[in-house]
Amino acid sequence: MKKTVLIVDDDMDYLFQMRLKVEQFGFETITAEGQKEAEMIIETMKPDLAILDLMMENEDSGFILAYKIKRKYPDVPIIIATAVTAETGMTFDINSDENKQWIKADLFLDKGIRADQLQKEINKLLKI
Amino acid sequence: MAEYKILVVDDEPGIRMGTKRILQNFKVDYPFMDEHIEFVVLEAATGEEGIEIIDREMPDIILLDNKLPGIQGVEVLEYVKKKLYDIVVVMITSYASLELAVKATRDGAYDFIPKPFTPQELRSSMENITKQLFLKRMTQKMNKEGKLIRFQFLSVLSHELKAPINAIEGYIKMMKDRQFGEDMTAYQEMIDRSLERINGMRSLIMDLLDLTKIESGKPVQHLEAVNITKIAQISVDTMRPYAIQKDVDIYLNTKENVTMEADPNEIEIIFNNLISNAVKYNKNGGRVDVFIESKKDEVVLQVSDSGIGMTDEEKGKLFQDFVRIKNQKTRNIAGSGLGLSILKKIVDMYKGEIEIQSIPDKGTSFIIKLPLNN
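Here goes a summary of the coordinates provided. Since the model is a prediction, treat every value here as computed from it, not as a measurement. (Residues numbered from 1 in each chain as written. Chains lettered and ligands numbered in written order. Predicted model: local features only at pLDDT ≥ 70, side-chain atom pairs only at ≥ 80, totals over all residues.)

## Some thoughts on the overall build of chain B
The test is simple: Counting from the N terminus, the helices are DSSP H or I runs at least four residues long and the strands are E runs at least two residues long. Between the buried cut of 20 or more and the exposed cut of 12 or fewer other C-beta atoms within 10 Å of a residue's own C-beta lies the partly exposed class, and all C-beta atoms are placed from the backbone. Any pair of residues counts as being in contact when their C-beta atoms, constructed from backbone geometry, are within 7 Å of one another.
Within chain B, the regular secondary structure consists of ten helices and 13 strands. Within chain B, the proportion of its 374 residues that are buried is 28%. Sequence-distant contacts in chain B: of pairs separated by 6 or more residues, those separated by 24 or more amount to 68%.

In structure tokens:
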């Protein structure tokens, strides 16, 4: 059975492009345009993996959503796809112990990542 | 009331007690300070004890004797400097040699008070130091806040500018790779979306230009007698084509000329922002009503729409930079998120007020009151 990837982004074009890529990798997709919508989706279904934007309704919507998904489904891997690092010089290193406690994502990716790299990262997280 | 902590480091009990007595009921105020400053005096008989208290209590001012039983006053001074503490140090000393004075000044001592001192000498010295410290801290605080706001603005701005470029780049790459075959028609929607994003970016840049004009031109407003009704008419005419596209009617309900001292460009920015929002967040077949009213001491501009309206929570967020109310009803509406923050900045320059009345699904009224005597 095909695995399902939840994609959340408030930029409809980015959402469309990401969905297309992920479907080409051979996954089912389900999409949401914001944190609230995504929260409703996870009430009724469990994705196999989630790809979240960081800045949506609020600057940290992606973090909050990641936290809520992990609380409900601790085993679902989460990727936060963001352009924030490149723009602000802010760096989130999820490998440091301090950040591990509050950032619930498994991986941070730059939004401009190439499709083949993205596929490799997804497969690694899904252990395919 | 604010309280500054003063630490007296002196081995003579008389000096410590005297200082305490002199500063106990002493208050410093400045005409522009909201509150006066009082003092709490802490005491240390040796340099070692002084350092302990410094680390624990973090005083604002230290009165420091140089000649102490253990480590010397200058060593305490060095310690404060090394730790980068924000403390004003004043040396109190009876044998102030030039050599010591030079060293102490180099290490950051702010002032010298010769021993013995009169109560008046101590008070006036404390008054100067307190004012200087207060102003320094105020400036630091303001710089920090200013910088922070600027940083946030720039980081969100670059996000807003990059998002459309990323989206367009994504579509062009798909076309380059012929992801949907050689037939151009398969890409029609991507081309339309790309053009849409380019438009959005263009209007963001226009808004940014407005914003820079306002921010850089803050002190020099070009005030002249402006016919507000005429500007409203120009703005209505400018927005008409857009309104027709959206099937919205715009009515300028005031016919008589209302004039006031203003900058015509700023008044036009106000109307353009309000009317374009009223059209943008309207329903098909909706209407926009513009009213201008001249009162005794103010001019009232009102733009009402029959649009989607907002909740109180959404209203609260409205004037922040780049904030766009995101919900199901607005998801397909493009905007820079700068329009209303620009509007607010202009209205603030006129010392005016903005009132918003809104009912979800019924409509919104923006009422701008500009006082005439500014």
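Further notes follow.
## A word on the sheet that holds strand 2 (residues 28–32) of chain A
Residues and elements named next belong to chain A. Cut-off, in case you're wondering: Strands pair, by our definition, only if DSSP identifies at least two bridges between them. To obtain an axis, a line is fitted to C-alpha atoms, over the contacting stretch when the element is a helix, and the angle between two such axes runs from 0 to 180 degrees between their N-to-C directions.
The five strands lie next to each other as 2-1-3-4-5, forming an open sheet whose pairing is parallel. The strands lining the two open edges of the sheet, one partner per strand, are strand 2 and strand 5 (107–110). The mean angle between the axes of side-by-side strands here comes to 20 degrees, regardless of whether they run parallel or antiparallel. In this sheet, strand 2 lies alongside strand 1 (residues 4–8) in parallel orientation, the contact comprising five bridges. Looking across to strand 2, one finds that L6 is bridged to I30. Lying over the sheet, helix 3 (residues 61–72) contacts strand 1, strand 3 (49–53) and strand 4 (78–82), oriented at roughly 175 degrees with respect to strand 4.

## Some words on helix 2 (residues 47–57) of chain B
Residues and elements named next belong to chain B. We count it as follows: Each C-beta atom gives one direction from the helix axis, and the arc is the one those directions make.
For helix 2, every residue scored as buried is listed here: G47, G50 and I54. Buried residues along helix 2 cover an arc of 50 degrees about the axis, so they all sit on one side. Those residues of helix 2 that are exposed and aimed more than 90 degrees away from the buried face are E52, D55 and R56. Residues of helix 2 that are buried make contact with strand 1 (2–9), strand 3 (37–44) and helix 3 (73–82). Two residues or fewer past helix 2, M58 is found with a positive phi of approximately 45 degrees.

## Digging into the sheet that holds strand 10 (residues 287–294) of chain B
Residue and element names in this part refer to chain B. Sheet architecture is open: five strands sit in the order 8-10-11-13-12, paired in mixed fashion. This sheet does not close on itself; its edge strands, each paired only once, are strand 8 (249–252) and strand 12 (353–359). Along the sheet, successive strands turn relative to each other by an average axial angle of 10 degrees, direction set aside. The sheet contacts of helix 7 (residues 228–245) involve strand 8, strand 10 and strand 11 (298–305), and relative to strand 8 the element is tilted by about 170 degrees.

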